[in-house]
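One letter stands for each residue in the lines below.
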Amino acid sequence: VITDLPQAPVLTPTEINRLGTAFCTAKILMSALELGLFTELANGPMTETELQQVVGLNPRGMRDFLSVLVLLGLITTDGERYGNSSSAALYLDRGKAEYAGGFLERANHMMYPAWASLTAGLRTGAPQLVGREDQEAAFAGMMANPSHLRRFLGMMDALNGPLGAELAAKFDWSGYHTVVDAGGARGNFVAQLLRAHPHLAGTVFDLPPMAEPFAEHMAEFGRRATFTGGDFFADPMPSGDVLVLGHVLHDWAPHQRAELVDRACQAVNPGGALVVYDQMVDDQTPDIWNNVISLNMQLLTPSGSEYPVADCEAWMHAAGIDNVTAISLGEHDTAVIGRKPQR
Ligand SMILES: C[S@@+](CC[C@H](N)C(=O)[O-])C[C@H]1O[C@@H](n2cnc3c(N)ncnc32)[C@H](O)[C@@H]1O
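First, a word on scope: everything that follows refers to the structure included in this document. The written sequence of each chain sets the order in which its residues are numbered from 1. Per-residue local features are limited, in this predicted model, to residues with pLDDT of at least 70; the limit for side-chain atom pairs, both in listing and counting, is 80 or more; totals at the level of whole chains, interfaces and linings are taken over all residues. Side-chain metrics rest on all non-hydrogen atoms present in the structure, leaving aside hydrogens and water.

**A closer look at the overall build of the protein**
As a reminder of what qualifies: We count a stretch as a helix when DSSP gives it H or I for four or more residues in a row; a strand needs E for two or more, and each element gets its number in order from the N terminus. Radius of gyration here is computed from C-alpha atoms only, and the compact-globule reference equals 2.2 Å multiplied by the residue count raised to the power 0.38. Relative accessible area decides the class of each residue, using a 1.4 Å probe on protein chains only: under 20% of the type maximum gives buried, over 50% gives exposed, and in between gives partly exposed. Contact between two residues is taken to exist if any of their heavy atoms lie within 4.5 Å; hydrogens are not considered. Note on areas: Shrake-Rupley, 1.4 Å probe, and residue coverage restricted to the protein chains presented here. In summary, the charge assignment counts Lys and Arg as positive and Asp and Glu as negative, without counting His or the chain termini. Where a charge lies is defined by one atom per residue type: Lys uses NZ, Arg uses CZ, Asp uses CG and Glu uses CD.
The helix and strand tally for the protein stands at 15 helices and 10 strands. Computed over the C-alpha atoms, the radius of gyration of the protein is 22 Å, within 12% of the 20 Å expected from 2.2 N^0.38 for a compact globule of 343 residues. In terms of principal-axis extent, the alpha carbons of the protein reach across some 70 × 65 × 40 Å. The buried share of the protein, taken over its 343 residues, is 44%. Counted over contacts in the protein with a minimum sequence separation of 6, partners at least 24 positions apart contribute 64%. By element, 56% of the accessible surface of the protein is carried by carbon and sulfur atoms, the whole surface being about 17,700 Å². A gap of 4 Å separates the mean positions of the 22 positive and 39 negative side-chain charges of the protein.

Structure (C-alpha cells):
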C-alpha cells in the first residue's frame, strides 16, 4: 500500500460539484459574448424587456441568465435596468480597442464543442473538432470565411498583444534592425514591437490569405511593416535580425517543430536571435492552464500539444543556436531565446 504520496486538501462534495459544473457559468459568459449582450449594453442600461428585444432572447431563461451574469460581476442591476459592470464596459464591448473577448468567442465556437468529446480524445488521441474530419480543409475553410477568420484573428490578437508589448520591453532590441514573425497572423505581435522601437522594421510571414487582414491591421506603420505570403514548411522564411515563432510550434508534431526551428534558424542573420514562445509545460513550475491548453491543442489539431522548455532548447541547439535562455512572458508563456553565431 502506498502511503507516502503528497496529499492535496480535502474538498467537500459541494466544492467537487462546483468544480465539475464550472462549464455552466463558462458557457453563460460565452453565450453573452456570442449574443453581443455587453456590446448592446455599452449603449446604456436597459430593462429586461428592452434587452430581450435588442438581443433577441426568449423570456423563459432570460431572468436566470441575467441573474448569473450579475452574480459573476459581469453586469449590474438596480432592480429595474441592467448595465455593464466596469470589467464588461472595459473589456467586453466589441466596439472598444481594449476588447478582450476574441479568445472566448472562438473558444465558444471551437473549444467548447471539442471539449464535450474530451473522453473520446483521451481514449483515441484523435482530434475532436465536431463535424470536421479533415483538419486541413477545416483550416482552409476558416481562412476563406471572413467571419470565422475575424474570430480567429481576434483570438490571436487578444493573446499575443500583451506578449508583444512585454517582449518589446524585456528584450534588448537596440542592436537589431529587422524582425520577422513567422506565423505572425495579421501582425499584431509585431505591431507592439514597432510601436515601442521606432528603429525596427517588421515582416510577417504567414499563409497568403493573411495578406489582406495584415494590410488593414498594419496600415499605420507604412513601409516599416511588410507581409510575405508562403508556407513555412515549403518556402524559405524571410531573413531578419530577430526571428519570432510564437504560438506556432504547438500546432505541430514534435518532428515538425524541430524542422520549423531549423528552418527559422536558417533565416536568422548571423549574430541575430531566434525567439520561440508558447505556453510551454514545465514540471518545475506547474501551471494548470498550460496543461489545459495542451489538451486543447490535442483536441483541435492532429498532432499538436504544448511541450517542455527543455525540448525547445534542444531543437535550438540542434539547429546551431547557442546562448539559449528561457524567460517568462505574460502569465502563462515562456519565451526561449538564443543567438545565431556570427559565422
Ligand atoms: C496559432 S497562430 C499564431 C499567431 C501568432 N504568432 C500569435 O502568437 O498569436 C498560427 C499561425 O500560423 C499560420 N500558419 C499555419 N500554417 C502555416 C504555414 N504552413 N505556413 C505559414 N504560416 C502558417 C497561421 O495562419 C497562423 O497565423
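**Examining the sheet that holds strand β1 (residues 46-47)**
Quick note on the threshold: Paired strands, as defined in this entry, are two strands with at least two bridges between them according to DSSP. Orientation is described by lines fitted to C-alpha atoms, with helices fitted over the stretch in contact, and by angles between N-to-C directions that extend from 0 to 180 degrees.
Taken in spatial order, the three strands line up as β1-β3-β2 in an open sheet, and their pairing is antiparallel. Edge positions in the sheet fall to β1 and β2 (75-77), since each has one partner strand and no second. Examined bridge by bridge, β1 and strand β3 (residues 81-84) share two bridges and lie antiparallel to one another. Residue pairing in the sheet places T47 in a bridge with R81 of β3. Its contacts with the sheet put helix α5 (residues 59-71) on β2 and β3, and the angle it makes with β2 is roughly 105°.

By themselves these figures say nothing about function.
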